[in-house]
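As a plain string of letters, each chain reads:
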Amino acid sequence: MLYRLISKVPPIIFKPVYDLYESYLLEKVKSGEIPKHVAIIMDGNRRWARKLEKPPWYGHLFGSNKLEEILEWCRELGIRTLTAYAFSTENFKRSPEEVNALMNLFEQKFKELIKDERVHRYGIRVNVIGRKELLPENVRKAAEEAERVTKKYNNYTLNLAIAYGGRSEITDAVREIVRDALEGKLSPDEIDEDLIKRYLYHPNMPDPDIVIRTGGEVRISNFLLYQIAYSELFFVDVYFPEFRKIDFLRIIREYQKRQRRFGR
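Residues numbered from 1 in each chain as written. Predicted model: local features only at pLDDT ≥ 70, side-chain atom pairs only at ≥ 80, totals over all residues. Heavy atoms only, no water.

1. Topic: the pairing of strand β3 (residues 124-129)
Next, step 1: With 5 of 6 residues buried, β3 lies mostly within the body of the structure.
Next, step 2: In the sheet, β3 pairs with strand β4 (residues 156-164) via 6 bridges, with the strands oriented parallel. Within β4, the position partnered with Ile-129 by the bridge is Ala-161. (Buried < 20%, exposed > 50% of the residue type's maximum accessible area, 1.4 Å probe, protein only. Helix = DSSP H or I, 4+ residues; strand = E, 2+ residues; numbered from the N terminus. Pairing = 2+ DSSP bridges.)

Next up, the structure:
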């Protein structure tokens, strides 16, 4: 009975309370340990669009806008690195219409990033990790241009995993290591965890402190398999376009309460 009554109250009525709670959480989070690197699996765009009886591209568009919001939340908190799982190697198996719409969206967003004054004001470096050779030429060129234009920045980093797979990354690294060993550039005795990391798509990327997956699924889906060995994992039920700042702050707050042992 109470739930039915509350459900009829316009959401704007609750906004002052929501804003107050968000401000409270923000101050609590700022007073604790801030993670250096957050990685996010942006799941639920298509299901959100389906719920609204819209085509898949509608969900992906709103998902890309949500990622911009999250980047701003990270900057506000001083989180220096954000890695987003945008398109997996398996996603190429989706319908040609959806894949083409996504590729057009990627090209558009890369071009917008290049011109975005916030990128240059705050010194945000953009990296694209994945098998870029699988991307259409126009998308690959736009991605490489965004990387080139922002290469000089080092205040914040946005890593976009596109045409990416964790197993593919490890496979490509092993192939390069074997090639260099056969050419005499390194000895098999030199191969250790640190060396393998230097052969990954982005060698200098710190391991994620936190991995977030939206959309209600509880799995990693081939994301950063080498790097997330000791990451803290968070799975939330909301679709990615509906992911709120308050959800993000709650996750950071929970992270701050956990004791990370790294196997010790």
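2. Overview of the environment of Glu-97
Next, step 1: Looking at where Glu-97 falls in the secondary structure, it is placed in helix α5 (residues 96-115).
Next, step 2: Classification of Glu-97 as exposed rests on a relative accessible area of 59%.
Next, step 3: C-alpha of Glu-97 to C-alpha of Lys-15: the two residues are 82 residues apart in sequence and 38 Å apart in space.

3. Side note on the UniProt feature "active site" (unreviewed entry) in the chain
Next, step 1: Residues given the UniProt feature "active site" (unreviewed entry) here are Asp-43 and Asn-91. A maximum C-alpha distance of 12.3 Å is found for the annotated residues, which run over 49 residues; spatially they form one tight group. As for the annotated residues, the ones lining the largest pocket are Asp-43 and Asn-91.
Next, step 2: On the basis of relative accessibility, which here comes to 18%, the residue Asp-43 falls in the buried class. (UniProt positions renumbered as here; feature names shortened; annotations may be inferred. 1 Å grid on protein atoms, 1.4 Å probe; cavity = no way out; pocket = protein on both sides within 12 Å on 5 of 7 lines; lining within 4 Å.)

4. What to know about the nonpolar core
Next, step 1: Ile-40, Ile-70, Leu-82, Phe-110, Leu-160, Phe-243 and Phe-248 are the most contacted members of the largest nonpolar core, which has 49 residues in total.
Next, step 2: Filtering out sequence-adjacent residues up to four positions away, Phe-243 remains in contact with Ile-40, Lys-66, Ile-70, Trp-73, Ile-212, Thr-214, Val-236, Val-238, Phe-248 and Ile-251.
Next, step 3: Ile-41, Val-211, Ile-220 and Phe-223 belong to the second largest nonpolar core, which has 12 residues in total. (Core = buried A, V, L, I, M, F, W, Y, C linked by side-chain atoms within 4.5 Å. Contact = heavy atoms within 4.5 Å.)

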